[in-house]
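So you can see what is in the structure, the chains are spelled out below.
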Amino acid sequence: MRNDKAHFVAFVGVMFALMFVLFMLEGALSITVGISTCLLSLPVAIALSIYGDWKKSFIGGTLLGVCSCIFCLIFGMVVYANPLICILPRFFIGITAYWIHYGLSKLLKNVRNKYVREMLPAAIGAVVGTITNTVLYIFALNIFAGGDAMGALTQLLGVVVAIYFPIEVVASFILVPMYVIALKKVSGRYVEKQKKDNEKDGEVTPSIEG
């Protein structure tokens, strides 16, 4: 059990580092070419949330929010660095995506087509997670970002929703199912290795997915 927990903590650390690097890359694009979208980091966050069990469904979105908070603090974007704006709304990204994915997986489990049975639930869950991110993030901005900043934010959000949101939806729909498959394979290989190692030692270690 301790090996499982240690692996999971290490895995989360690696995913956090990956998301932060992707978030920094997205931030660099926003500064240089004016493209401000979670095109790369959001699909990773959603995939991390839905590939396992419901107890871990909040992790991906929370890590994304922490990355956003750190990024905003580094670049002096004080309004956006408020945890109530950049972390709290994203806590729910993986939760909504997970349950949509879970429900559709149960509903379509007997469908013969592999894409419909396995990838479509993840893709639709990803779209729901992306919508959750945008809606709750804008909602949090309107509540917690008061003062003169609201006028500029309203104009900015109009552009974000009209241009960047559709890009994020398409990216999540395409990328998340592939990321989920990759994460399951990585976890599966680890579980099998642990079972073989424990069989040699005469022990049994439960799956990290349980």
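Structure: above.
Bear in mind that the values here come from a model prediction, so they are computed numbers and not experimental data. (Residues numbered from 1 in each chain as written. Predicted model: local features only at pLDDT ≥ 70, side-chain atom pairs only at ≥ 80, totals over all residues. Heavy atoms only, no water.)

### So, the overall build of the protein
Defined as follows: The secondary structure listing takes helices from DSSP runs of H or I that are at least 4 residues long and strands from runs of E that are at least 2 residues long, numbered from the N terminus. Three labels apply to residues, based on accessible area from a 1.4 Å probe with only protein chains included: buried if under 20% of the type maximum, exposed if over 50%, partly exposed otherwise in between. Here, residues are in contact when the closest pair of their heavy atoms is within 4.5 Å. Every accessible area reported is derived by Shrake-Rupley at a probe size of 1.4 Å, with residue values counting cover from the shown protein chains alone.
Helix and strand content of the protein: 7 helices and 0 strands. The 210 residues of the protein split such that 41% are buried. Look at the contacts in the protein between residues 6 or more apart in sequence, and 72% of them connect residues 24 or more apart. Of the roughly 11200 Å² that the protein leaves accessible, carbon and sulfur atoms contribute 71%.

### Quick notes on helix α5 (residues 93–107)
Our working rule: To estimate how far a helix should extend, the number of its residues minus one is multiplied by 1.5 Å. Comment: arc refers to directions from the helix axis out to C-beta atoms.
Under the 1.5 Å per step criterion, the end-to-end length of α5 is 22 Å for 15 residues, consistent within 8% with the ideal 21 Å. Buried residues of α5: Ile-93, Gly-94, Ala-97, Tyr-98 and His-101, and no others. Projection of α5 onto a plane perpendicular to its axis shows the buried side chains occupying an angular sector of 105°, all on one side. On the buried face of α5, the contacting elements are α2 (41–50), α3 (59–74) and α6 (114–144).

### Quick look at the packing of α2 against α5
Our working definition: Note on geometry: axes are C-alpha line fits, over the in-contact stretch for helices, and angles between N-to-C directions span 0 to 180 degrees. An angle below 35 degrees is read as roughly parallel, one above 145 as roughly antiparallel, one from 65 to 115 as roughly perpendicular, and any other as oblique. Handedness of each helix crossing follows the sense of rotation of the near helix against the far helix: counterclockwise by less than a right angle gives left-handed, clockwise gives right-handed. Classification convention: Asp, Glu, Lys, Arg as charged; Ala, Val, Leu, Ile, Met, Phe, Trp, Tyr, Cys, Pro as nonpolar; all other residues, Gly among them, as polar.
Closest axis-to-axis distance for the α2/α5 pair is 8 Å, and the angle between their directions is 55°. One element, α2, and the other, α5, form an angle in the oblique class. Here the hand of the crossing between α2 and α5 comes out right-handed. From α2, Leu-42, Ile-46, Ser-49 and Ile-50 reach across to α5, where they touch Ile-93, Gly-94, Ala-97, Tyr-98 and His-101. Partitioning the contact of α2 with α5 into residue classes produces 6 nonpolar, 3 polar and no charged.

### Brief notes about the packing of α2 against α6
Running from N to C, α2 and α6 cross one another at 120°; their axes reach a closest spacing of 10 Å. Judged on the interaxial angle alone, α6 and α2 are oblique. Crossing handedness for the pair α2 and α6: right-handed. Facing α2, whose interface residues are Leu-42, Ile-46 and Ile-50, α6 presents Ala-122, Ala-126, Gly-129, Thr-130 and Asn-133. Considering only residue class, the contact of α2 with α6 consists of 5 nonpolar, 3 polar and no charged.

### Some details on α3
The first and last C-alpha atoms of α3 sit 23 Å apart over 16 residues, in line with the 22 Å expected at 1.5 Å per residue. Of all the positions in α3, only Ile-59, Gly-60, Gly-61, Leu-63, Leu-64, Gly-65, Cys-67, Ser-68, Cys-69, Phe-71 and Cys-72 are classed as buried.

### Comments concerning the side chain of Asn-133
Looking at the secondary structure, you find Asn-133 in helix α6. If we skip the residues at most four places from it in the chain, Asn-133 touches Leu-42, Arg-90, Ile-93 and Glu-168.

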